Amino acid sequence: MNGDGSLERLRREGRIVVVGASLAGLRAAETLRDKGFAGSLTMIGDEPYEPYDRPPLSKQVLLGMAPADSTALPRRRAVDATWRLGVPATGLDMAARRVRLADGDEVPYDRLLIATGVRARPWPREAEAELDGVFVLRTREEGAALARRLADGPKRVFVIGAGFTGSEIASACRERGLSVTVAERGAAPLVGALGGVVGAVAADLQREHGVDLRCGVMVTSLEGDSSGRVRAAHLSDGSTVETDVVVVSLGATRNTEWLAGSGLGAGPRGIACDAGCRAFDIRGIVTDDIYVAGDVARSPHALFGYQFLSLEHWGNAVAQAEIAAHNMISESADRLPHMWVPAFWSSQFGVNIKSVGVPSLGTEIMVPQGTLASRRFIGVYGYQGRVIGAVAFDHARWLPFYQELVETTAPFPPPFPTVDRHPDGQRPMDADFPDPSVPTHGPTVTLSGYSPADRRMTFTPAH
Amino acid sequence: MVRLVVDLNRCQGYAQCAFLAPEVFVMHGEEGLLYNPEAEEAQREKLAQASAACPVQAILVDAMDAPAEAVSGER
Ligand SMILES: Cc1cc2nc3c(=O)[nH]c(=O)nc-3n(C[C@H](O)[C@H](O)[C@H](O)COP(=O)(O)OP(=O)(O)OC[C@H]3O[C@@H](n4cnc5c(N)ncnc54)[C@H](O)[C@@H]3O)c2cc1C
Ligand code: SF4
């Protein structure tokens, strides 16, 4: 690609294939066209739908405000692509530069973008997971099925896992007047993402809204009746909860199985790529024709000591897709790094929760604005003497200021006098994150170390 | 139908959209925003106003007339 005209040829008549036709895939395709890519573009997606948005599935859709099939993503522009929808990619031949499809077809590429995202982790006991009334929530179909069941007015909804998605589901159920029990293995809701100090606020919020919240317990089994409908959940503290709807919200699994044996650095923790979104192969050598974006990617971040981060964040999927698309058709000197500062939102129990940076890296927290008791506050997280993240509960307008502190690696505690003078804000306290080796339910940022190869992956040579 | 999405990382809850196109955008709680991701064609004009008025330009309205280019399952 160096001045011999091959990049020009790629931009004019090359073949770009995108696997995973969702948020990241679509935004990448639009960016490619925006930047003048005139060759052929093929979008491969295993879901039989055009790209749609997922965040409304646990909010507007469960509230009954919008049907699950109404969240198709608006287009920034036409992408003039060949769409292969409803067909999963099943393999990759890196040497021959071909993607294999489930229907036996092979699609050749000059550049490949992998944006296969994640899927909901199912309830681990298969027979119980198959009971009628047991749901997960990731796709449009899952959203439609759960919304339908909620509209039937179940006697009780039982949510396993109080991460962001589980908490939003519980919130929507309460808003619809349904009885809800939430079981969380950790000490509080959201504890993996925001720590115990903020988790305690989230717990109060749930209880105040009538959620029967049980923390520090595990669900040991689900029980069905003779007709195969779920009827109860059994917990590790010996209790039993009668329920007719169970929503399993135990986080996500990366969609990388189709790459097994391909030689790409793909495994259960995602696909490692460099700061320019180029995928690593299993030997830790960066490829020059395969790019990664969105939830399936793990990429090193300059602000966080170049650790590989996996971000299950809407904004990350968009930003990383744009960078990957730009880099796919650029000379190496013109490539850009993916330096997006992690940011996330959630709305639950009437509270607008937003975070920037990586709170879960923090060891200390301080509340410079608002109060925990009022549930309107800013929490700032510190790590090794610097500001590493911040969270806002109904205080979103102030967050950009704290984002700048993260971006500029400002010292922690922050040097300015706390804006509101009250005891919470005076001094940092232990942010109270659980032992990272004990998994909580679905943190949305996963730190995955410095190794580009996934060590838990078994290396199966292709030949 | 008009497809839309709000970048809620950007949204600051200023509520201009809810004021200009109340059939599509509603505030939920003190500063949360809920919106209908698929608005009626009749809302197009109001939507354009709302998205232009949003102080942080968080609202993306479909750039193309629906239905967009053919999306088929063709193999
Ligand atoms: C219920 C819910 C609520 C959410 N709420 C928020 C929120 O409030 N804030 C926020 O920041 N984020 C939220 N998210 C996360 C956000 O939706 C994701 O970060 C985003 O969808 C990531 O986009 P992606 O394109 O990387 O992956 P995905 O959207 O997961 O898309 C990947 C696509 O690839 C397809 N695919 C997988 N394997 C193959 C294969 N082998 N061949 C072909 N296609 C394949 C998948 O079926 C899927 O269509 C939420 C997610 C869910 C599910
Ligand atoms: S006008 Fe913009 S910032 Fe204000 S609520 Fe609407 S989307 Fe959010």
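The structure displayed is predicted, hence computed values, not measured ones. Position labels on residues start from 1 in each chain and follow its written sequence. For naming, the first written chain is A and the first written ligand is 1, with later ones following in the order written. The predicted nature of this model means local features are confined to residues of pLDDT at least 70 and side-chain atom pairs, given and counted, to a pLDDT of 80 or more, with totals for whole chains, interfaces and linings taken over all residues. Heavy atoms from the whole structure form the basis of all side-chain values; hydrogens and water molecules are not counted.

All right, on to the site of ligand 1 then. Residues and elements named next belong to chain A. Only heavy atoms are used to decide nearness, and a residue is near a molecule or strand if one of them lies within 4 Å of it. Surrounding ligand 1, one finds 32 residues, the nearest of these being Asp46, Glu47, Arg54, Lys59 and Arg138. Here an oxygen atom of ligand 1 and a side-chain polar atom of Arg54 are 2.6 Å apart. Polar contacts here mean pairs of N or O atoms no more than 3.5 Å apart (in protein, one a potential hydrogen donor and the other a potential acceptor; neighbouring residues in sequence count only if both atoms are side-chain atoms). Interatomic distance of 2.9 Å between a backbone N/O atom of Trp345 and an oxygen atom of ligand 1. Contact with the protein chains removes 95% of the 1000 Å² of surface that ligand 1 exposes when unbound. Helix and strand assignments follow DSSP, with helices taken as H or I runs no shorter than four residues and strands as E runs no shorter than two, numbered in order from the N terminus. Of all the secondary structure elements, the ones that give two or more residues to the shell around ligand 1 are helix H2 (23-34), strand E2 (40-45), helix H7 (314-328) and strand E24 (343-348). Residue type decides the class: Asp, Glu, Lys and Arg count as charged, Ala, Val, Leu, Ile, Met, Phe, Trp, Tyr, Cys and Pro as nonpolar, and the leftover types, Gly among them, as polar. Tallied by class, residues from the shell around ligand 1 come to 15 nonpolar, 9 polar and 8 charged. Looking at the shell around ligand 1, you find at least three residues from each of domain 1 (6-54 + 73-119 + 253-330) and domain 2 (122-250). Areas reported as accessible are Shrake-Rupley estimates using a 1.4 Å probe. Residue values count occlusion only from the protein chains shown. An automatic or database domain assignment provides the domain bounds reported here.

As a further point, take helix H4 (residues 140-151) of chain A. Residue and element names in this part refer to chain A. One less than the number of residues in a helix, times 1.5 Å, gives the span that helix is expected to have. With 12 residues, H4 extends 16 Å between its outermost C-alpha atoms, agreeing within 8% with the 16 Å of an ideal straight helix rising 1.5 Å per residue. Burial in H4 covers these residues: Arg140, Gly143, Leu146, Ala147, Arg149 and Leu150. Of the residues trailing H4, Gly153 is marked for its positive phi of about 70 degrees. With a 1.4 Å probe rolled over the protein chains alone, any residue whose accessible area is under 20% of its type maximum counts as buried; one over 50% counts as exposed, and the rest are partly exposed.

With that settled, the discussion passes to the site of ligand 2. Close to ligand 2 lie Val6, Cys11, Gln12, Gly13, Tyr14, Ala15, Gln16, Cys17, Leu33, Cys54, Val56 and Ile59 of chain B. Class assignment of the residues belonging to the shell around ligand 2 gives a composition of 9 nonpolar, 3 polar and no charged.

Time to look at the interface of chain A and chain B. Here a residue-residue contact requires only that any non-hydrogen atoms of the pair lie within 4.5 Å. Contact residues are listed per partner, giving 45 residues for chain A and 35 residues for chain B. Note on chain A versus chain B: buried area summed over both sides is about 3200 Å², and carbon and sulfur give 53% of it. Contact with chain B buries surface across chain A, with Pro74, Arg75 and Arg397 of chain A losing the most and accounting together for 20% of the total. Salt bridge, as used here: a side-chain nitrogen of Lys or Arg that lies within 4 Å of a carboxyl oxygen of Asp or Glu. Along the contact surface separating chain A from chain B lie 2 salt bridges. Computed with a 1.4 Å rolling probe, the buried area is the accessible surface lost when two parts are put together, summed over both parts.

All names here are of chain A. The pairing criterion is simple: DSSP has to find at least two bridges between the two strands. Where strand E13 (residues 219-224) and strand E14 (residues 230-235) come together, 5 bridges link them in antiparallel fashion. In the strand pairing of E14, Gly224 is matched with Val230. As consecutive antiparallel partners, E13 and E14 are separated by 5 residues, and within that stretch Gly228 has a phi angle of approximately 80 degrees, a positive value.

Let us now look at the packing of aromatic side chains. Residue and element names in this part refer to chain A. A pair of aromatic rings is counted whenever rings of Phe, Tyr or Trp (Trp by its six-membered ring) have centres within 6.5 Å, and the orientation is called stacked for planes under 30 degrees apart, edge-to-face for over 60 and tilted otherwise. Within the structure shown, the criterion is met by 7 aromatic pairs over all chains. Counted as over-ring charges are cases with an Arg CZ or a Lys NZ within 6 Å of the ring centre that also lie within 35 degrees of the ring normal. The aromatic ring of Tyr49 is capped on one face by Arg140, whose charged end is 4.7 Å from the ring centroid. We note Arg298 situated over the ring of Phe308; from NZ or CZ to the ring centre the distance is 4.7 Å.

What follows covers the domain arrangement of chain A. All names here are of chain A. In terms of domains, chain A is made up of domain 1 (6-54 + 73-119 + 253-330), domain 2 (122-250) and domain 3 (343-432). The straight-line distance from the C-alpha centre of domain 1 to that of domain 3 is 34 Å. Carbon and sulfur atoms supply 74% of the area buried between domain 1 and domain 3, which totals about 660 Å² over both sides. Sorting the residues of domain 1 by area buried against domain 3 places Leu303, Phe304 and His313 first, and these three jointly supply 73% of that buried surface. The tally of links between domain 1 and domain 3 comes to 0 salt bridges. Its residues assigned to classes, the side of domain 1 that touches domain 3 shows 4 nonpolar, 1 polar and 1 charged.

Moving on, we come to the sheet that holds E14 of chain A. Residue and element names in this part refer to chain A. Spatially, E13-E14-E15 is the arrangement adopted by the 3 strands of the open sheet, whose pairing is antiparallel. Of all the strands in the sheet, the pair left with one neighbour each is E13 and strand E15 (240-242). Each strand of the sheet is rotated relative to its neighbour by a mean of 20 degrees, with strand direction disregarded. Bridge analysis of E14 against E15 gives 3 bridges, and the strand direction is antiparallel. Each residue of the ladder has a partner; that of His234, found in E15, is Thr240. Working convention: axes come from line fits to C-alpha atoms, limited for helices to the stretch in contact. Angles between N-to-C directions cover 0 to 180 degrees.

What is meant by a nonpolar core is a set of buried Ala, Val, Leu, Ile, Met, Phe, Trp, Tyr and Cys residues, joined one to another through side-chain atoms within 4.5 Å. Ranked by internal contacts, the top residues of the largest apolar core, which has 72 residues, are Leu194, Tyr381 and Phe393 of chain A. Broken down by element, this core gets its largest block of residues, 8 residues, from helix H6 (residues 191-208) of chain A. In contact with Leu194 of chain A, not counting residues within four places along its chain, are Phe164, Ile353, Pro359, Tyr381, Val391, Phe393 and Phe433 of chain A. Grouped together as the second largest cluster of nonpolar side chains are 54 residues, Leu23 and Ile329 of chain A together with Val5 and Cys17 of chain B included.

Excluding glycine, residues mostly carry a negative phi; peptide bonds, for their part, are mostly trans. Going from Phe412 of chain A to Pro413 of chain A, the amide bond is cis rather than trans, its omega being -5 degrees. The backbone of Ala15 of chain B shows a phi angle near 70 degrees, a positive value even though the residue is not glycine. Mapped onto the fold, Ala15 of chain B is located in the loop between strand E1 (2-6) and helix H1 (16-20).

Turning our eyes to something else, we now look at the packing of H2 of chain A against H7 of chain A. The relative placement of two packed helices comes down to the angle between their axes together with the axis-to-axis distance. Residues and elements named next belong to chain A. Where H2 meets H7, the axes come as close as 8 Å, and the angle between the chain directions of the two elements is 35 degrees. Of the two elements, H2 crosses H7, and the hand of that crossing is right-handed. For the pair formed by H2 and H7, the contact residues are Leu23, Ala24, Arg27, Ala28, Thr31 and Leu32 on the first element and Trp314, Ala317, Val318, Ala321, Glu322, Ala325 and Met328 on the second. Taken together, the residues of the contact of H2 with H7 break down into 10 nonpolar, 1 polar and 2 charged. Crossing handedness is defined as follows: a turn of the near helix away from the far one that is anticlockwise and smaller than a right angle gives a left-handed crossing, while the clockwise case is right-handed.

A few words on H6 of chain A. Residues and elements named next belong to chain A. With 18 residues, H6 should reach 26 Å at 1.5 Å per residue; the first-to-last C-alpha distance of 18 Å falls well below that figure. To get the bend at a given residue, fit one axis to the seven residues ending there, fit another to the seven starting there, and take the angle between those axes. By the largest-angle criterion, Val197 marks the main kink of H6, which is about 90 degrees. Among the residues trailing H6, Gly210 stands out with phi positive, at a value near 85 degrees.

Tracing the backbone shows Arg375 of chain A in the loop between strand E26 (364-371) and strand E27 (376-383). Leaving out residues up to four positions away in the same chain, Arg375 of chain A has contacts with Val201, Asp204, Leu205, Glu208, Phe393 and Asp394 of chain A.

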